[in-house]
Amino acid sequence: MSTQTVFESTPDTATVPAESATELLAALAAMPAGHPSRAALRDRTIEAWLPLANHLAHRYGGRGEPTDDLLQTAAVGLIKAVDKFDPSRGVDFAGYAIPTIVGELKRHFRDRTWDIRVPRRLQELRLAISEANSSLLQSLGRSPTVADIALHLKISEEEVLEGLEGARAYNAVSLSTPTGDGERGTELGDLLGSE
């Protein structure tokens, strides 16, 4: 996507003149913080760069999250990028905005896609165990044991077990899930004991 993307007028934004997104960004940076026109210029700048945010959001589509949520998250990342961008550093805005938007999208997946909230440490441990498992499966030629994974990651076996237990929180199973051979109408919740 070109950094010279021109904001095209749509029926609901027909009052916004067609200016390049880069020019809007430069004008915003040059305008004093308390200027009365700054808020409107900021809005036009965000709208002009919105196609970049939408493009990045669509790259993360198909991973179990609604597209609208991803578009909104990418827009939040874009707003943060516009608000914090400093053109005096000599960095191209797209080079600054893309990592900011992608970071916001990744944070969304980290924080919102787990069915049960677990500490970030366990989320990262789950990823490390998964990568170690794949690597060791190929190098050992067999499924790695907890001890193999612990040795590979240089952590204790208890930490590996804790990470594996935490990984079970990624996807929860409903108590209404059918169980058995399908001939009987038994649900998972029916198999739990009670007093």
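Quick notes on the rules
- Residues numbered from 1 in each chain as written.
- Predicted model: local features only at pLDDT ≥ 70, side-chain atom pairs only at ≥ 80, totals over all residues.
- Heavy atoms only, no water.
- Helix = DSSP H or I, 4+ residues; strand = E, 2+ residues; numbered from the N terminus.
- Buried < 20%, exposed > 50% of the residue type's maximum accessible area, 1.4 Å probe, protein only.
- Contact = heavy atoms within 4.5 Å.
- Core = buried A, V, L, I, M, F, W, Y, C linked by side-chain atoms within 4.5 Å.
- Salt bridge = Lys/Arg side-chain N within 4 Å of Asp/Glu carboxyl O.
- Arc of directions from axis to C-beta.

Asker: Describe the overall build of the protein chain, listing the residues and the values that go with them.
Answerer: Helix and strand counts for the protein chain come out as seven helices and zero strands. From first element to last, N terminus to C terminus, the protein chain shows the α and β order α-α-α-α-α-α-α. Split into buried and exposed, the 195 residues of the protein chain put 29% on the buried side. For the protein chain, long-range pairs separated by at least 24 residues make up 47% of all intrachain contacts whose partners lie at least 6 apart in sequence.

Asker: Describe the nonpolar core, with residues and values.
Answerer: The biggest cluster of nonpolar side chains holds 27 residues, and the ones touching the most others in it are Trp49, Leu78, Phe93, Ile101 and Leu105. Among the secondary structure elements, those contributing two or more residues to this core are helix 1 (21-30), helix 2 (38-59), helix 3 (67-84) and helix 4 (93-112). Counting residues per element, this core draws most heavily on helix 2, at eight residues. Those residues in contact with Leu105 that sit more than four places away from it in its chain are Leu56, Ala57, Tyr60, Leu70, Thr73 and Ala74. Core analysis: the next-biggest nonpolar cluster, separate from the first, contains nine residues, Val118, Leu125, Ile149 and Val160 among them.

Asker: Account for the pattern of salt bridges, with residues named and values stated.
Answerer: In this structure the tally under the stated criterion is six salt bridges. In this structure, Asp83 and Arg42 form a salt bridge, with 2.7 Å as the shortest nitrogen-oxygen distance. With a gap of 41 residues between them, Asp83 in helix 3 and Arg42 in helix 2 connect regions that are remote in the sequence. Relative accessible area serves as the criterion here: at 27%, Arg42 is assigned to the partly exposed category. The closest approach of N and O atoms between Glu162 and Arg121, which form a salt bridge, is 3.1 Å. With Glu162 in helix 7 (residues 157-167) and Arg121 in helix 5 (residues 120-140), this residue pair connects regions lying 41 residues apart in the sequence.

Asker: An account of helix 7 is requested, with residue identities and associated values reported.
Answerer: Along helix 7, the positions that sit buried rather than exposed are Val160, Gly163 and Gly166. Each buried residue of helix 7 sits inside an arc of 125 degrees when the element is viewed along its axis, so together they form one side. Where helix 7 is buried, its residues meet helix 5 and helix 6 (146-153).

Structural measurements only, silent on function.
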